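# Structure at a glance
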Amino acid sequence: MNERLRERLESVLAERERSGTRRGLRVIDPQLGLLNLASNDYLGLAGNAKLKKAGRDAIDRYGCSSSASPLISGFGPAHKELLESVKAWHGFEHGIVWNSGYAANQAILRQLPRKEDVVLADRLIHNSMITGILSSGARLARYRHCDLDHLETLLRSHCKEDRLVFVATESVFSMDGDYPDLARMAELKKQYRFFWILDEAHAMGWYGDKGSGLAEFFGVAKQVDVLVGTLGKALGSTGAYTLFHDNNLSDYLVNLSGEFIYSTYLPPVCAAIASAAVLQVEKSHSLREQGRRLSTEMRDRMRELGWDVCSGDSPIISVSLGDADMAVKMAAELEARGILVGAIRPPTVPEGTSRLRISLKANLSEESVEKLMRALGAVSCE
Ligand SMILES: Cc1ncc(COP(=O)(O)O)c(C=O)c1O
């Protein structure tokens, strides 16, 4: 390799090493029997028998790959079926299925805003949205995390007659597990007429009578302009979709998004598994309730053990530690006790806010909960 390039790479990696934020890939073998509280399989559907059968049937019918990009020949009946099912589930009329949530967010935030526009984004939104906004060239202004008073202040100063203003937020935040008051956001939208992009990746399956997320729970789906859903979390598959009330959005993105146009499309098997998952999720009322109850109870118990955990009922429990090395150390100690949790460090989260990220499964057994509590008790006492 070119010497200058090698030096550059080594110096960046060395800096990551010094700050305790250097990552490395490792194999996590499910057969090792670790209690996995690091994955986003919130309803435990990734191993569900009905989903597995739907996947096997789809492979028998459509093969292993879509073998082409969607505008050539990759968009097939399994994708169409998924699209119809998620549109009905969330109450939207139009949509696009994407290869990943990352690609969907990038495409939307790169293609819709332009240089002369403003995007107001929660300070902690996902990297996929930030990189999209930055490459759109639009002006980015961030409001304090979930602080809608601050959002309103920014709206007041940016919403002018001739200016297009976008607002981007997650519903449940991926690394914090909290969420903004979407009812108030919908009110703000009525007043300021911004274009609202809502990423429901971590709320789907967990909230709402039909389990479609927080837009459903708050009754604001009609006000959301673009709803982003991912298939790789509660739906036990992989891929994503975006939903719209206006077909122009869908038409425009299908025509302009490189992520959609120039990439081999999602394998039909992933779409078929996700369609089967939506059917399961819709009827999982009591499982959802159980999950939310579990989340609240576990947070209370963790606080009693002395951990810094905020209240809430989402599937993501963020345990504040501050220091990156401490997060790695704590995660290693839990792993030594048979429990896998995420050690989340910068640049994924802001400097000084490293944490453990515990992702729940609604059907976690009592035995698993006790195992986690015992381990957290032992680790915190050391
Ligand atoms: C809020 C949010 N949006 C989008 C994504 C990306 O989704 P995908 O994993 O399908 O690329 C993630 C992934 O973790 C996420 O947390």
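Every chain is numbered on its own, with residues counted from 1 as its sequence reads. Where totals are concerned, whole chains, interfaces and linings use all residues; where local detail is concerned, this predicted model gives features only for residues with pLDDT of at least 70, and gives and counts side-chain atom pairs only at 80 or more. Hydrogens and water are ignored here; the side-chain numbers use all heavy atoms of the structure.

## Examining the site of the ligand
- If you check the shell around the ligand, you find 13 residues, and the closest are Gly101, Tyr102, Asp199, His202 and Lys233.
- In this structure, an oxygen atom belonging to the ligand sits 2.7 Å away from a main-chain N or O atom of Gly101.
- For this analysis, a polar contact is any N or O atom pair within 3.5 Å, provided that within protein one partner can donate a hydrogen and the other can accept it, and provided that sequence-adjacent residues contribute only side-chain to side-chain pairs. Measuring from an oxygen atom of the ligand, one finds a side-chain N or O atom of His202 at 2.6 Å.
- Here the ligand, which alone exposes 390 Å², has 80% of that area covered by the protein.
- Here a helix means four or more residues in a row that DSSP labels H or I, a strand means two or more in a row labelled E, and each is numbered from the N terminus. Considering each element in turn, the shell around the ligand owes the most residues, three residues, to helix 5 (residues 101–111). A molecule or strand has a residue near it when one of that residue's heavy atoms lies within 4 Å. In this description, accessible areas are obtained by the Shrake-Rupley approach with a 1.4 Å probe, and a residue is regarded as covered only by the protein chains that are shown.

## Notes on the packing of aromatic side chains
- Any Phe, Tyr or Trp ring, taking Trp's six-membered ring, that has another such ring centre within 6.5 Å forms a pair; planes under 30 degrees apart are called stacked, those over 60 apart edge-to-face, and the others tilted. By the definition in use, this model includes nine aromatic pairs.
- Each ring, one from Phe75 and one from Tyr265, has its centre 6.2 Å from the other, and the planes form 45°; the classification is tilted. One end of the pair, Phe75, is in the loop between helix 3 (70–74) and helix 4 (77–90); the other, Tyr265, is in the loop between helix 11 (258–261) and helix 12 (268–282), and 190 residues separate them in sequence.
- An aromatic cluster is built from Phe75, Trp98, Phe260 and Tyr265, whose rings are joined through pairwise contacts.

## Some remarks on the pattern of salt bridges
- Salt bridge, as used here: a side-chain nitrogen of Lys or Arg that lies within 4 Å of a carboxyl oxygen of Asp or Glu. For the structure shown, the criterion picks out 19 salt bridges.
- Between Arg6 and Glu3 there is a salt bridge whose closest N-O contact spans 3.3 Å. Taken together, the positions of Arg6 and Glu3, both in helix 1 (residues 3–18) and three residues apart, correspond to about one turn of that helix.
- Between Lys329 and Glu333 there is a salt bridge; the shortest N-O distance is 3.4 Å.

## Things to note about helix 13 (residues 285–304)
- Along its 20 residues, helix 13 runs 29 Å from first to last C-alpha, staying within 8% of the 28 Å computed at 1.5 Å per residue.
- Along helix 13, the residues classified as buried are Leu287, Arg288, Gly291, Leu294, Ser295, Met298, Arg299 and Met302. Around the axis of helix 13, the buried residues are gathered within 130° of arc, so they sit on the same side. Exposed side chains of helix 13 directed beyond 90 degrees from the buried face belong to Ser286 and Glu304.
- In the segment just after helix 13, Gly306 is the residue with positive phi, at about 100°. Under the convention used throughout, the expected extent of a helix is 1.5 Å for every residue step, that is, one less than its residue count. Categorising residues by exposure relies on relative accessible area from a 1.4 Å probe, with only protein chains included: less than 20% of the type maximum marks a residue as buried, more than 50% marks it as exposed, and the intermediate range marks it as partly exposed. The directions from the helix axis to the C-beta atoms are what the arc is built from.

## Some remarks on the sheet that holds strand 3 (residues 118–122)
- The strand order across the open sheet built from seven strands is 2-8-7-6-5-3-4, with neighbouring strands paired in mixed fashion. Each end of this open sheet is capped by a strand with a single partner; those strands are strand 2 (94–98) and strand 4 (139–143). In this sheet, neighbouring strand axes are inclined to one another by 20° on average, regardless of whether the strands run parallel or antiparallel.
- Criterion used throughout: strands pair if DSSP finds at least two bridges between them. When strand 7 (residues 226–230) meets strand 8 (residues 240–244), the two strands line up antiparallel, connected through five bridges. The residue of strand 8 that forms the bridge with Val226 is Phe244. Fitting a line to C-alpha atoms yields each axis, with helices limited to the stretch in contact; the angle taken between N-to-C directions then spans 0 to 180 degrees.

## Quick look at the domain arrangement of the protein chain
- Examined at the domain level, the protein chain breaks down into domain 1 (22–43 + 285–380) and domain 2 (49–282).
- Residue ranges for the domains originate in an automatic or database domain assignment. Put simply, the middle of domain 1 and the middle of domain 2, counted by C-alpha atoms, are 26 Å apart.
- Note on contacts: a residue pair qualifies if any of its non-hydrogen atoms lie within 4.5 Å across the two residues. Listed by partner, the interface residues are 23 residues for domain 1 and 20 residues for domain 2.
- In short, buried area is how much 1.4 Å probe accessible area vanishes from two parts on joining, totalled over both. When the buried surface of domain 1 facing domain 2 is broken down by residue, Tyr42, Leu43 and Arg288 rank first, second and third, together holding 28% of it.
- At the junction of domain 1 with domain 2, the criterion picks out one salt bridge.
- Here Arg355 and Asp176 are joined by a salt bridge, their closest N and O atoms 3.3 Å apart.

## Focus on the environment of Trp307
- Along the chain, the position of Trp307 falls in the loop between helix 13 and strand 9 (316–322).
- The buried category is assigned to Trp307, whose relative accessible area is 7%.
- Between the C-alpha atom of Trp307 and that of Leu34, which follows or precedes it by 273 residues, the distance is 22 Å.

## A few points about the pairing of strand 4
- As defined by bridge partners, strand 3 adjoins strand 4 across five bridges and the pair is classed as parallel. Residue Leu120 lies in a different strand from strand 4, and its bridge partner there is Ala141.
- Note on handedness: a crossover is taken as right-handed if, strands pointing away from the viewer, the path from the first strand over the helix to the second is clockwise. In terms of handedness, the path from strand 3 via helix 6 (residues 127–136) over to strand 4 forms a crossover that is right-handed.

## Overview of the state of the cysteines
- Here, two cysteine sulfur atoms that lie within 2.5 Å of each other are counted as a disulfide. As enumerated under the stated definition, the model contains zero disulfides in all.
- As a non-bridged cysteine, Cys310 has Cys146 as the owner of its nearest cysteine sulfur, 9.8 Å distant.
- Classification of Cys310 by relative accessible area gives partly exposed; the value is 38%.

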